[in-house]
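Listed below are the residues making up each chain.
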Amino acid sequence: MIWMSVTLNAMKREDHTKSTTKQLRENGQVPAVVYGKENGSKSISVDSITLLKTVRDEGKNAVISLQIQGESPLDVMLHDYQTDKITDDLLHADFYVVNMSQELETTVPVRLVGEPENGVVQQPLYEVNVRATPNHIPNEITVDISNKSIGDIVTVAEIGESSTYQVTDDPETVVASVLAPTTNADMEGQEETGEEPEFTGEAQSEANEE
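This text gives an overview of the structure that appears in the document.

The rules behind these values
Residues numbered from 1 in each chain as written. Predicted model: local features only at pLDDT ≥ 70, side-chain atom pairs only at ≥ 80, totals over all residues. Heavy atoms only, no water. Helix = DSSP H or I, 4+ residues; strand = E, 2+ residues; numbered from the N terminus. Buried < 20%, exposed > 50% of the residue type's maximum accessible area, 1.4 Å probe, protein only. Contact = heavy atoms within 4.5 Å. Areas by Shrake-Rupley, 256 points an atom, 1.4 Å probe, with all protein chains shown as cover. Salt bridge = Lys/Arg side-chain N within 4 Å of Asp/Glu carboxyl O. 1 Å grid on protein atoms, 1.4 Å probe; cavity = no way out; pocket = protein on both sides within 12 Å on 5 of 7 lines; lining within 4 Å. Points joined across faces, edges and corners; volume = space filled by probe spheres on them. Nonpolar A, V, L, I, M, F, W, Y, C, P; charged D, E, K, R; others polar. Phe/Tyr/Trp six-rings, centres within 6.5 Å; stacked < 30°, edge-to-face > 60°. Pairing = 2+ DSSP bridges.

### Comments concerning the overall build of the chain
When its secondary structure is counted, the chain shows five helices and 13 strands. Here the chain, with 210 residues, has 32% of them falling under the buried criterion. For the chain, restricting intrachain contacts to residue pairs at least 6 apart in sequence, the fraction spanning at least 24 positions comes to 62%. Of the roughly 13700 Å² of accessible surface on the chain, 46% is carried by carbon and sulfur atoms.

### Digging into the pattern of salt bridges
Taken as a whole, this structure holds seven salt bridges when the rule is applied. In this structure, E105 engages R131 in a salt bridge whose closest nitrogen and oxygen atoms are separated by 3.2 Å. Here the residue E105 occupies a position in strand 7 (residues 104-113), and R131 occupies one in strand 9 (residues 127-132), the gap between them amounting to 26 residues. In this structure, K148 engages E158 in a salt bridge whose closest nitrogen and oxygen atoms are separated by 3.6 Å. You can see K148 sitting in the loop between strand 10 (141-144) and strand 11 (153-155) and its partner E158 sitting in helix 3 (residues 156-159), a full 10 residues away along the chain. According to the relative accessible area criterion, E158 is partly exposed, its value standing at 47%. Salt bridges here are not isolated pairs; linked through shared partners, they connect K12, K42 and E71.

### Focus on the layout of surface pockets
Put simply, the largest pocket is a space of about 370 Å³. Lining the largest pocket are 13 residues, and of these K37, V97, V98, N99 and Q102 sit closest to its centre. Elements that contribute at least two residues to the lining of the largest pocket include exactly strand 2 (29-36) and strand 6 (90-97). Grouping the constituent residues of the lining of the largest pocket by class yields five nonpolar, five polar and three charged.

### Details of the packing of aromatic side chains
Overall, the coordinates contain one aromatic pair when judged by the stated rule. Between Y35 and Y96, the ring centres sit 6.5 Å apart and the planes meet at 35°, which makes this aromatic pair tilted. Of this pair, Y35 sits in strand 2 while Y96 is found in strand 6, placing the two residues 61 residues apart along the sequence. Classification of Y96 by relative accessible area gives buried; the value is 18%.

### Let's talk about the environment of E117
Here E117 lies in the loop between strand 7 and strand 8 (120-122). Here E117 falls in the exposed class, since its relative accessible area comes to 58%. Residues E117 and S149, 32 residues apart in the sequence, show an inter-C-alpha distance of 5.2 Å. Apart from residues no more than four positions distant in its own chain, E117 is found in contact with S146, N147, K148 and S149.

### Topic: the sheet that holds strand 10
Read from one edge to the other, the open sheet built from four strands follows the order 10-7-9-12, with strand pairing classed as mixed. Bordering the open sheet on either side are strand 10 and strand 12 (166-167), each of which pairs with just one other strand. Pairing of strand 7 with strand 9 involves six bridges; the strand directions are antiparallel. The residue bridging T107 from the neighbouring strand is N129, located in strand 9.

Here it is in structure tokens:
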């Protein structure tokens, strides 16, 4: 596998006052922190649009070559970021320095592809924990369900084999299953039972009062 990182330019950030931070955001910059065991932590700012584009195009587990002005580039990954609940604008980002030869553990999305032969697909697990060196962490893991039918399940054991990474979740955990579709007859049968719903707690008290 040929590893290529994405370059992201950054500026040092020494003024942490609210007015300066607000000005940064108004200028399209995101206040951020980069940290590592040997590097300590540094306050920086990066371009908001460029960061969003990097995450969208390369995935949240992309290795980024962070070029801080006047310093040697650092291999980092995006650890976390905060957005405004109303405007969805980026408010802050955290990066951590990675050792390209050292394994780490992170979560990776699971995406189902194809359609089962019959039935309805249920996916209770949308992410799995993966251990790998930074350059071998996949952006996502795809699972083909086109040969599945009613009653079939896909477990972690079926997707956890790879020469470049290891899925560390319990092998018996269900990722997806194919269920029989609910028919109108099933719905009518439930309605015809005439059973009264059970109330608990406050709902029971309110029902008694009525």
